[in-house]
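Coordinate analysis (summary)
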Amino acid sequence: MGQSLRLFWAACALGDSQDDSGDSMEKLARWQHEWHITAEAEAKQAIATGFANSMTEKGTDPMKAASFLDCENGDEFWQSFRSAYRKTGPLSPETGSLAYLKWKDWETFIDGMDENEAFKGRIFVPLAGEWRADGSAFFTQIREKRDWVTALQKSQWQGLFGSPPAWSSDNLVGFMLCPVGFALVQYVIFLVHKMRSNLPEDAARLNLESMLLAFVTILDSNFDHLESSNWNASSFDLAVNLNLEDPKFYPRYSDYTASLDPLPLRYPTWREDLPYAESQFTVADRLKRQLVEPFRVALVGEHGPSNLENLAAIQAATEVSHTSHTSHISPSHTIEAGHFFSYLWQLKGLSDSASLSSSLRISWDAFWGQPLTESAGRDKLSTPIWTIQQAVWSLREFARRDAFLRTSKVIICSEPLWLCVLLHAALHDLPPVPTDPSSPSSSSSRLLTRASAAGRVMCLLVDFDQVFGLDEVDEFWTLVERTAFGRNGANTNGAVSATSRMTAEMLWWQAGIRVPYVPCLSLYISARYKPTKPDMLFFRSSLPGASPFLRVLRLIEAENEAARGSSGVNIDTMTKSMTFSEMASYRSIAMLPHIPNALRLSDMYCIGIPLFIPDEPMIHKFIWPDDPLPLLSKIRMPAMRGANTSEPSPLDFQVAGRRYYQFRRERHYWLQYTEWWVRPHLLHFSSARDLLEKAMLSGEEAASVSQKMRKQQEKLKIEVLDFWRFALTAALGWTGE
């Protein structure tokens, strides 16, 4: 900061102060009056329609984007402040002077509220635009300053989904009129104190907490408020500076990541992870001779698409080789598939969806007594009803009685991952039927685990607490150590593999199990990229942040159309299930990641359709799921709890949730292990505004990207199918001699 700004701030600090406590209460009364005027009409509407203001379809007003994102609402101060911030940054004299003026107004107002003891439960702040069907309001009782700031900032959402109350320009010193601008005012004040002043530690900490309170309420949300605005800043540009330990200022998030040590890139193929001395010709020939009919495959897992992924890979691996030095395997055999514990998903467009329904041997609910998750119908108030011992015994007895499972040549288990561990224990020493001298000595030897868990941090314990509870975790870890699943020496035949690099890393961190990374191929999809529409399809998402992101997208579309007569591109929203052929007819697809690895990514990759995903850092707002983490105290196997590693923890930053100002290095580090970052030739956007610009992909550009994706898919196919042949041969009893 320049000398002129320092002198200006010093003069302001020495100026005369005046008692504005009465003025504060007058502003509060005026705000309450303005609220009352707006409230009467909205309450009547809520009673008449049964809908809150934000639930009513508002259309796409072309003025809303500028008003909501850029505070283009007639207040000259916010226009001047945004212009200064955009042109000169947060540490310029011009930006700092404006920020200080607004901050002093705010402090004077708050001090007056304090003097009148307004922060002791005497104020009730209604949530702007939200009403019950009987006309009563949702409100927050203000007991402290923190409640006050949080309640008021919630009103900014009505600028996105509904109609905010018509505040006057100086009401609450303009705070309500531009909440995102006020957060940037606090950011400027924080930076000046951090970089230029010598505040005592307590005062500096209070200053940081004040900034974080504004930041997490407005900017720490999983949609792009600043990203699509014209303030020339993103929320992550702010986040990298919101600490007291690092004295350096980073103008951009990219400046911060560039200052980090290079990330160790480790993407070994399964050939590097496993011994692979035998020739592919020998493996293929041996596999061909073992494919006697009926060749039964049992697919175990609650996620139907994952089971179909594994089945399609087995079918492709046993029918034809993709390497020139390997003999072709005759496709004359028939694979008979049986599905266990799967949900009957509506899998439109999948060639094997009907066969999954007809070959389901037992559903999840029929065996376990209740749905696994709330999305599948589980009562959120239900309690665990199983113990590990009961589950292993029940699985063993079921396997003993079910002829298909007993006679299956191979058993493929996917998810939940803890089920595969229990199945290993249940099938141990349970001989296959009929006894075949060439078959493995036990059923568990025929079990191949495809560890998915979507790269989630709980990994082996995803959804474990809903079935067993905390008291059973120690017994589970004991079981992992006893079974072949937990002994790395037994995994050299590929008995356990991970569908994503993130899952492989999580297994190592959580339980010390090193497994090969073998990605999904989605070979069950026959549709191929054949664009007949010049449009983009926005893939449907259940993310809480998907709705506001799409709303911002539509507002900017309307703004562009008003400015130039056209938004430039039509983006269709996927509001219901579509066949893969329908998806393949779009020129491109946009998708918000919701987990580190999603099967829908490999689905689109198999089709070869150009795919847009958020770029870093925006992707961090979506890719890390807000999963419940009830088993944190026992999330790692006992032998791993004291393990030291030089790599950042994959746990800490996910426990922190959406506090983006924390664990910045960890998020950046672990992103490289997600499937969204491993796959090449994906297209990236930095905001909703950026997506609208990049969606204007020409037919030639789209065709070029699609061709690159198809070539990469063929490379993956060679590697993955070779692995399946190797793993299947080992599971069928061949030891390599």
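Going by an unreviewed UniProt entry, the protein chain carries the name rRNA biogenesis protein rrp5 and comes from Cladocopium goreaui.

**Description of helix α14 (residues 304-317)**
End to end, α14 covers 20 Å across 14 residues, agreeing with the expected 20 Å (1.5 Å per residue, within 8%). Among the 14 residues in α14, 13 count as buried, and that is most of the element.

**A closer look at the sheet that holds strand β10 (residues 571-573)**
Strand pairs in the sheet, formed through backbone hydrogen bonds, run parallel or antiparallel to each other. Taken together, the five strands give an open sheet; going across it, the order is β10-β9-β11-β12-β13, and neighbouring strands pair in parallel fashion. Both edges of this open sheet fall to β10 and β13 (683-685), since each of them pairs with a single strand only. Taking the axes of each pair of neighbouring strands and ignoring which way they run, one obtains an average angle of 30° across the sheet. Taken together, the three bridges between strand β9 (residues 536-538) and β10 define a ladder with parallel strand orientation. Bridging across to β10, Leu537 finds its partner in Asp572. Contacts from helix α23 (residues 546-564) reach β9, β10 and β13, with the element oriented near 145° to β10.

**Re the state of the cysteines**
All chains considered together, the criterion is met by two disulfides. Disulfide partner of Cys413: Cys420, at an S-S distance of 2.2 Å. Judged by the sign of its S-S torsion, about -90°, the bond between Cys413 and Cys420 is left-handed. For the pair shown, Cys413 and Cys420 are each scored as buried.

**Description of helix α25 (residues 599-607)**
Most of α25 sits inside the fold, with eight of its nine residues counted as buried. Residues of α25 that are buried: Leu599, Leu601, Ser602, Asp603, Met604, Tyr605, Cys606 and Ile607. Looking at the buried residues of α25, the elements they touch are α14, α24 (580-583), β11 (588-590), β12 (611-614), α28 (675-678) and α30 (699-731). The positive-phi residue at the C-terminal boundary of α25 is Gly608, with phi of around 85°.

Scoring rules and cut-offs
- Residues numbered from 1 in each chain as written.
- Predicted model: local features only at pLDDT ≥ 70, side-chain atom pairs only at ≥ 80, totals over all residues.
- Heavy atoms only, no water.
- Helix = DSSP H or I, 4+ residues; strand = E, 2+ residues; numbered from the N terminus.
- Expected span 1.5 Å × (residues − 1).
- Buried < 20%, exposed > 50% of the residue type's maximum accessible area, 1.4 Å probe, protein only.
- Pairing = 2+ DSSP bridges.
- Axes fitted to C-alpha atoms, helices over the stretch in contact; angles between N-to-C directions.
- Contact = heavy atoms within 4.5 Å.
- Disulfide = S-S within 2.5 Å.

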